[in-house]
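Inside the fold
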Amino acid sequence: MSPRKLEPGKLVVASHNKGKIREINELLQPYGFDVVSAGELDLPEPEETGLTFEANASLKAQAAAKASGFPSLADDSGFCVAKLDGDPGIYSARWAGPDKDFAMAMRTVEEKLQSAGATTDADRRGSFVAVLCLAWPDGHEEYFRGEVEGLVVWPPRGTQGFGYDPVFQPDGHERTFGEMTSEEKHGWGKDTPALSHRSRAFEKFAAGCLEGH
Ligand SMILES: O=P(O)(O)OP(=O)(O)OP(=O)(O)OC[C@H]1O[C@@H](n2cnc3c(O)ncnc32)[C@H](O)[C@@H]1O
Ligand SMILES: [Mg+2]
């Protein structure tokens, strides 16, 4: 069955992460929605009790759609390191602790890679994953997943972006996400395909739900 189309109007971005909200706003820009974030509506931050990106994206999107009465788009994402069995994965935000200390979270990744005996680039494979869930107030939902593969670098490089961006260098690029403008991270530009996990998930969302906008 093809995805349900999203009608023009109000759209809630069900996130409390400023960096993520900025990127989602940029990605939504061409479509003319009246975008409002969960924080602006004073919606509570639901507890992410799911064991998959899909489950947590659904929890956030459904809670916002129910509370606001508008279609709501959530993004559950994370940084997955192969040699750490996919960690931090769905726990990526939690590794930064209550103070959201991502310098510490990135250091933790590096320390665990060292303890696991990572020596070569092959031991340092990582990816970002984003699952978008779009939920309507009637409970209907659609999912879109995007991933980008690359290298976990150390030390961190760059001050752009957010979260783990300074330690991730996508395949085919010399710079980390932390060294890229947000346009480069999205993969916007002449003849460039979508690059980031979020931009890749968004491409599917746009093709599925925004066709005709
Ligand atoms: O749940 P919301 O309110 O949306 O905000 P959050 O920060 O808690 O978001 P997640 O639960 O999805 O956790 C994902 C974490 O993974 C990291 N992450 C996700 N996308 C990223 C990106 O594009 N660049 C760097 N880090 C990213 C970042 O640290 C996030 O905090
Ligand atoms: Mg979260």
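In case you missed it, the structure is sitting above this.
Residues numbered from 1 in each chain as written. Chains lettered and ligands numbered in written order. Predicted model: local features only at pLDDT ≥ 70, side-chain atom pairs only at ≥ 80, totals over all residues. Heavy atoms only, no water.

Turn by turn, an α-helix covers 3.6 residues, leaving residues three or four places apart pointing in a common direction. The first and last C-alpha atoms of helix H5 (residues 197-209) sit 18 Å apart over 13 residues, in line with the 18 Å expected at 1.5 Å per residue. Looking at H5, one finds that the buried residues are His197, Arg198, Ser199, Ala201, Phe202, Phe205, Ala206, Gly208 and Cys209. Residues of H5 that are buried in the fold lie against helix H1 (18-28), strand S3 (72-81), strand S4 (125-135), strand S5 (141-152) and helix H4 (182-186). (Helix = DSSP H or I, 4+ residues; strand = E, 2+ residues; numbered from the N terminus. Expected span 1.5 Å × (residues − 1). Buried < 20%, exposed > 50% of the residue type's maximum accessible area, 1.4 Å probe, protein only. Contact = heavy atoms within 4.5 Å.)

This part takes up the state of the cysteines. For the structure on display, the rule yields 0 disulfides. We note that Cys133 lacks a disulfide partner, and the nearest cysteine sulfur, in Cys209, lies 10 Å from it. In this structure Cys133 comes out as buried when scored by relative accessible area, which is 0%. (Disulfide = S-S within 2.5 Å.)

Of all residues adjacent to ligand 1, which total 21 residues, the nearest are Ser15, His16, Lys60, Asp165 and Lys185. At 2.8 Å, a side-chain N or O of Asn17 approaches an oxygen atom of ligand 1. One of the side-chain nitrogen or oxygen atoms of Glu48 is found 2.9 Å away from an oxygen atom of ligand 1. A total of 600 Å² of accessible area belongs to ligand 1 in isolation, and the protein chains cover 95% of it. Of the pockets mapped on this structure, ligand 1 occupies the largest pocket. Residue assignment for the shell around ligand 1 shows that the elements contributing at least two residues are S3 and H5. If one sorts the elements of the shell around ligand 1 by residue count, S3 sits on top with 4 residues. Residue composition of the shell around ligand 1, by class: 5 nonpolar, 8 polar and 8 charged. (Near = heavy atom within 4 Å. Polar contact = N/O pair within 3.5 Å; in protein donor to acceptor, adjacent residues only side chain to side chain. Areas by Shrake-Rupley, 256 points an atom, 1.4 Å probe, with all protein chains shown as cover. 1 Å grid on protein atoms, 1.4 Å probe; cavity = no way out; pocket = protein on both sides within 12 Å on 5 of 7 lines; lining within 4 Å. Sits in = over half its atoms within 2 Å of the grid points. Nonpolar A, V, L, I, M, F, W, Y, C, P; charged D, E, K, R; others polar.)

Evaluation of the coordinates by the stated rule reveals 9 aromatic pairs. Ring centres 5.2 Å apart and planes at 55° place the aromatic pair Phe168 and Phe177 in the tilted group. Ring centres of Phe202 and Phe205 lie 5.1 Å apart, and the angle between their planes is 85°; this geometry places the pair in the edge-to-face category. With a gap of 3 residues between them, Phe202 and Phe205 both fall in helix H5, about one helical turn apart. Overall, Phe205 belongs to the buried group, its relative accessible area being 0%. Taken together, the aromatic side chains of Phe79, Phe102, Phe128, Tyr164, Phe168 and Phe177 make up a single cluster linked through ring pairs. (Phe/Tyr/Trp six-rings, centres within 6.5 Å; stacked < 30°, edge-to-face > 60°.)

Everything listed here is a matter of coordinates, which is why it stays silent on function.
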